[in-house]
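The chain contents come next:
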Amino acid sequence: MSNNSQKITPFLWFDTQAEEAVNLYASVFENSKIGKTVRVGGSVLTANFTLDGQQFVALNGGPMFKINPSISFYTVFETVGELDNAWEKLVDGGQVLMPLQKYPWSEKYGWLQDRFGVNWQLTLGNIAEIGQKFTPAMMFVGENLGKAEPAIGFYTSVFENSGVKFIARYGAGGMDAEGTVSHAQFWLEGQKFIAMDSAAMHKFQFNEAVSFVIHVETQAEIDYFWEKLTSDGGAESQCGWLKDKFGVSWQVVPPVLIQLLSDPDPARSQRVMQAMMQMKKLDIATLQNAAG
């Protein structure tokens, strides 16, 4: 997946450890690069980075939101050595949620939460089969239990170049209700995602700590995604953030905002920042007028 084609970017919220986390991930995964880093008063505010060609963003946003297992990153390795090396580095100081071993669906698989809270599902497999090394995986639990399939239908109706690869379901006799989703793969704007239901007693839900940035060029695109994703029980937040009806957080952001906030004239960038802070849905014309 080329950087230019990535319409949707995972966005990770840390307290103060964004730079440390990004440095770890760039050291663990091959073909990685740390891109534009925005600093305020010497401290990192945001850092763009790519892992094996896929884009991510990290933010130091403070202690307000904590990353949890509701959204993890399903990560495919084609050699045991590469998988074992990544597991060893990521689990250091973290927590094992499912041991690294053989399972019915994989010769070698494990789920861990690293020391920064980010969740990784590491598996031995063929990257070509899923189409990308890292795939965001959404787990529908608690009040969202049983909503994985409706969510897939909703997302694929909102985004272009979307569809469902497969939906596997739980059978009878287990803890999970027969017919609910054990593992599903779908794509949005050509990017793969995973969804699953889990009836286990999980004490977490989707929150702002892992969100998805939708890169849009025009005000019409902003208006479209904002209206669609806040409909039927979604909620507007601040500065281009919103929650959909399942509680998943999205940011609808035009590249011009980044350009304006990066203006070498601090007075202009500050005016843009002040204008943005007054907004829920972003308005390109108002942001440009604020820059002057």
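Criteria and thresholds
- The numbers attached to residues start from 1 for each chain and follow its sequence in the written order.
- Confidence filtering applies because this is a predicted model: local features only for residues at pLDDT of at least 70, side-chain atom pairs given and counted only at 80 or more, and all residues used for totals across whole chains, interfaces and linings.
- Only heavy atoms go into the side-chain values, all of them from the structure, while hydrogens and water stay out.
- Only DSSP runs of H or I with at least four residues qualify as helices, and only runs of E with at least two residues qualify as strands; both kinds are numbered from the N terminus onward.
- Buried residues are those whose accessible area, probed at 1.4 Å on protein chains only, stays under 20% of the maximum for their type, while exposed residues exceed 50% and partly exposed ones sit between those limits.
- In the cavity and pocket records, a cavity denotes points on a 1 Å grid over the protein atoms alone where a 1.4 Å probe fits but cannot get out, a pocket denotes an open set with protein on both sides within 12 Å along at least 5 of 7 lines, and lining residues are residues with an atom within 4 Å of a point.
- Grid points are joined across faces, edges and corners, and a volume is the space filled by probe spheres set on the points.
- Pairs of strands are assigned from DSSP output, requiring at least two bridges between the strands.
- Two residues qualify as a contact provided that any one of their heavy atoms is within 4.5 Å of a heavy atom in the partner residue.
- Helix axes use the C-alpha atoms of the stretch in contact, all axes being lines fitted to C-alpha atoms, and the angles between their N-to-C directions lie in the range 0 to 180 degrees.
- For the purposes of these results, a polar contact is taken to be a pair of N or O atoms within 3.5 Å, where, inside protein, one atom must be able to donate a hydrogen and its partner to accept one; residues adjacent in sequence count only when each atom of the pair is a side-chain atom.
- By salt bridge we mean one thing: a side-chain nitrogen of Lys or Arg within 4 Å of a carboxyl oxygen of Asp or Glu.
- By nonpolar core is meant a set of buried Ala, Val, Leu, Ile, Met, Phe, Trp, Tyr and Cys residues that side-chain atoms within 4.5 Å join together.

Chemist: Would you mind going over unusual backbone geometry with me for this structure?
Modeler: The backbone of aspartate 52 shows a phi angle near 50 degrees, a positive value even though the residue is not glycine. Note on placement: aspartate 52 falls in the loop between strand S3 (43-51) and strand S4 (54-60). Even without being a glycine, asparagine 161 presents a positive backbone phi close to 45 degrees. Here asparagine 161 falls in the exposed class, since its relative accessible area comes to 53%.

Chemist: Please explain empty space enclosed by the protein as it appears in this structure.
Modeler: A probe as big as a water molecule, rolled over the atoms, marks out the empty space that is left. One pass over the full model with this rule turns up one cavity of 30 Å³ or more. Of the pockets and cavities examined, the largest cavity occupies roughly 90 Å³. Lining the largest cavity are 14 residues; nearest its centre among them are Pro10, Gln54, Gln132, Pro136 and Gln191. Listing elements by their share of the lining of the largest cavity, those giving two or more residues are strand S1 (8-14), S4, strand S9 (134-140) and strand S12 (191-197).

Chemist: What is the right way to read the sheet that holds strand S13 (residues 210-215) from this model?
Modeler: Sheets are built from strands paired through backbone hydrogen bonds, the pairs being either parallel or antiparallel. Spatially, S2-S3-S4-S1-S13-S16-S15-S14 is the arrangement adopted by the eight strands of the open sheet, whose pairing is mixed. With partners counted over all chains shown, the strands left at the sheet margins are strand S2 (33-40) and strand S14 (235-236), one partner each. In the sheet, S3 pairs with S4 via six bridges, with the strands oriented antiparallel. Directly across from phenylalanine 49, in S4, lies its bridge partner phenylalanine 56. Here helix H5 (residues 219-230) sits on the sheet and contacts S13, S14, strand S15 (241-243) and strand S16 (249-253); the angle it forms with S15, its principal contact strand, is near 30 degrees.

Chemist: Quick question: what am I supposed to make of the side chain of glutamine 191 here?
Modeler: Mapped onto the elements, glutamine 191 comes out in strand S12. Engagement of the side chain of glutamine 191 in a polar contact is seen with the backbone nitrogen of lysine 7, the distance being 2.9 Å. Of note is the side chain of glutamine 191, whose polar atom sits 2.7 Å from the backbone oxygen of isoleucine 8.

Chemist: Please clarify how the pattern of salt bridges should be interpreted in this entry.
Modeler: Oppositely charged side chains can form a pair if their charged atoms are brought close together. With the rule as written, the count across this model stands at nine salt bridges. In this structure, arginine 39 and glutamate 19 form a salt bridge, with 2.8 Å as the shortest nitrogen-oxygen distance. Taken as a pair, arginine 39 in strand S2 and glutamate 19 in helix H1 (residues 18-28) lie far apart in primary sequence, 20 residues in all. Exposure remark for arginine 39: the relative accessible area of 44% places this residue in the partly exposed category. With relative accessibility at 35%, the residue glutamate 19 sits in the partly exposed group.

Chemist: In this structure, what is going on with the nonpolar core? I would like to understand it.
Modeler: Here is a general trend for soluble globular proteins: nonpolar side chains tend to be buried in one another's company. Phe14, Tyr25, Trp120, Tyr155 and Trp250 are the most contacted members of the largest nonpolar core, which has 81 residues in total. For phenylalanine 14, the contacting residues outside a window of four places in its chain are Ala21, Tyr25, Ala58, Leu59, Asn60, Gly61, Gly62, Ile67, Phe116 and Val118.

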